[in-house]
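Okay, here's what each chain looks like letter by letter:
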Amino acid sequence: MKFLNPMATKNDINDFAEAIKIYWKWNVILFKKHRIKLIAPLWQSLLSLLLLGIIFYIIHANYYEWHEEIYWSLAIFYMATTISWVWFVIFCIFKNIWKLLERKYMYYEDVESLSKLKKWYDTFSVWSWVILILHLLFVISNISVPFVNRYNWEWEIAAPVAILILDILFLGDILSIMDDILIYEMTFYICTPESLKIFNQTWFFSVGISEIAPSSINIINFDKDWLFPLLFHYWNMYIYTDSDVITEAGKVIALEDVPEPEIIVKRIYQIYGKVFTSESKK
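Residues numbered from 1 in each chain as written. Predicted model: local features only at pLDDT ≥ 70, side-chain atom pairs only at ≥ 80, totals over all residues. Heavy atoms only, no water.

With that settled, the discussion passes to the overall build of the protein. Secondary structure assignment for the protein yields 7 helices and 9 strands. Put simply, the protein has 282 residues, and 46% of those count as buried. (Helix = DSSP H or I, 4+ residues; strand = E, 2+ residues; numbered from the N terminus. Buried < 20%, exposed > 50% of the residue type's maximum accessible area, 1.4 Å probe, protein only.)

Spelled out as structure tokens, the structure:
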């Protein structure tokens, strides 16, 4: 297990470039999980918009007529940071999916094509941490409101408490979106003539790294089960090895949600100088 800086968004590009420098472009490929993994953060982004809509309703109903300066302060804060961030995430996910649909193969053979698809992630990563810190400060300040101000009626304290609860929920949604997109972007696999490297991002600060020698690989296959994966062309890939890498299933390493695994397995076999046959399928 290796601890990583969550702002280091170019680990895949750097490792891929290093592998190409050593083994040449035609001997190296990089592949990732299927774009279907972006559906979860997309739905969470839409949920964020719903939460923000409720927050704006509470702000407008409680502050617009009686405390206009508070209303505009909160409105500008949310519009300038949160709403713009959510729409940016939604736009980038759709754009990313569309660009991937245009690709002929679901693996990368050069650094340039990978870099083009990752430019948005640099902005997303920095912006997300800024939004997270701003909302943490906002939550802390909002907690102090009932203790600083004196309220004559119980309903007067309801608005800041409701906003506080919804903002905490929104913080959880931000973290979940960041985690899902981080795992999608920073989980990747690099195949070279001398190894198959597996970079499995597990959380914000950690990634599991495994390296398998071609000589220890007995067979690579994949399954074609269930309707949904069949429709979108992604399945689990299984690597049966004699290596020291032990998983819960023994010496079978599962790469989940791999796009078009048949094409990727054929390319891996080609790099290793082996013949891909129908027996390699499950």
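That shown, we press on.
The next thing to look at is unusual backbone geometry. One non-glycine residue, Trp24, lies in positive phi territory at about 75°. Within the fold, Trp24 resides in the loop between helix 1 (11-23) and strand 2 (29-32). Note on Trp24: relative accessible area 55%, which makes it exposed. Phi is positive for Glu260, close to 45°, though the residue is something other than glycine. Tracing the backbone through its elements, the reader meets Glu260 in the loop between strand 9 (252-259) and helix 7 (261-271). Taking the relative accessible area as the measure of exposure, Glu260 reaches 25% and is therefore partly exposed.

So, on to the environment of Leu101. Summarising the element assignment, Leu101 is placed in helix 3 (residues 68-101). Classification of Leu101 as partly exposed rests on a relative accessible area of 47%. Here the alpha-carbon distance between Leu101 and Arg35, two residues 66 residues apart in the chain, equals 9.1 Å.

Turning next to the nonpolar core. Formed by 58 residues in total, the largest nonpolar core has its most connected members in Tyr78, Trp85 and Phe124. Broken down by secondary-structure element, the contributors of at least two residues to this core are helix 1, helix 2 (39-63), helix 3, helix 4 (111-148), helix 5 (154-186) and strand 4 (188-192). Among the elements that take part in this core, helix 3 stands out by supplying 14 residues, more than any other. Those residues in contact with Trp85, other than ones at most four positions away along the chain, are Phe124, Trp127, Ser128, Ile131, Phe170, Ile174 and Ile177. (Core = buried A, V, L, I, M, F, W, Y, C linked by side-chain atoms within 4.5 Å. Contact = heavy atoms within 4.5 Å.)

Attention now moves to the side chain of Arg35. One can find Arg35 in the loop between strand 2 and helix 2. Of the buried charged residues, Arg35 lacks a salt bridge, with Glu260 as the closest side chain of opposite charge at 6.1 Å. Residues within four places of Arg35 in sequence aside, it is in contact with Ile97, Leu100, Leu101, Met106 and Tyr184. (Lys, Arg positive; Asp, Glu negative; His and termini not counted. Salt bridge = Lys/Arg side-chain N within 4 Å of Asp/Glu carboxyl O.)

Tallying each qualifying case throughout the model produces 9 salt bridges. Note that Asp257 and Lys37 form a salt bridge whose closest N and O atoms lie 3.2 Å from each other. With a gap of 220 residues between them, Asp257 in strand 9 and Lys37 in the loop between strand 2 and helix 2 connect regions that are remote in the sequence. A salt bridge links Arg267 to Glu109, with the shortest nitrogen-to-oxygen separation between them at 3.4 Å. One end of the pair, Arg267, is in helix 7; the other, Glu109, is in the loop between strand 3 (107-108) and helix 4, with 158 residues separating them in the sequence. For Arg267, a relative accessible area of 9% corresponds to the buried category. In this structure, a network of salt bridges that share partners links the residues Asp12, Lys32, Lys118 and Glu185.

The interhelical angle for the contact between helix 2 and helix 3, taken along N-to-C directions, is 165°, at an axis separation of 10 Å. In terms of orientation, helix 2 lies roughly antiparallel with respect to helix 3. In this structure, the crossing between helix 2 and helix 3 has a hand that is left-handed. Its residues assigned to classes, the contact of helix 2 with helix 3 comprises 22 nonpolar, 4 polar and 1 charged. (Axes fitted to C-alpha atoms, helices over the stretch in contact; angles between N-to-C directions. Parallel < 35°, antiparallel > 145°, perpendicular 65-115°, else oblique. Left-handed = near helix turned anticlockwise from the far one by under 90°. Nonpolar A, V, L, I, M, F, W, Y, C, P; charged D, E, K, R; others polar.)

On to the confidence of the model for the protein. Overall, the prediction assigns the protein a mean pLDDT of 81, with 85% of residues at 70 or greater. Considering only residues more than four positions removed or in separate chains, one finds that residues 1-7, a stretch of pLDDT under 50, has 23 contacts. (pLDDT = per-residue confidence, 0-100.)

Before going further, it helps to examine the sheet that holds strand 9. Strand pairs in the sheet, formed through backbone hydrogen bonds, run parallel or antiparallel to each other. If you trace the 3 strands from one edge of the open sheet to the other, you get 7-8-9, paired in antiparallel fashion. With one partner strand each, in any of the chains shown, strand 7 (217-222) and strand 9 form the two edges of the open sheet. Strand after strand, the sheet turns through a mean of 20° between neighbouring axes, direction not considered. In the packing of helix 7 onto the sheet, the strands contacted are strand 7, strand 8 (234-241) and strand 9, and the crossing angle to strand 7 comes to about 160°. (Pairing = 2+ DSSP bridges.)

Compared with an ideal rise of 1.5 Å per residue, which puts 13 residues at 18 Å, helix 1 spans 18 Å between its outermost C-alpha atoms and is within 8% of the ideal. All of the buried residues in helix 1 are Asp12, Ile13, Phe16, Ala19, Ile20 and Tyr23. Down the axis of helix 1, the buried set is contained in an arc of 130°. They therefore lie on one face. Pointing more than 90 degrees away from the buried face of helix 1 are the exposed residues Lys21 and Ile22. Positive phi appears at Trp24, one or two residues downstream of helix 1, with a value of about 75°. (Expected span 1.5 Å × (residues − 1). Arc of directions from axis to C-beta.)

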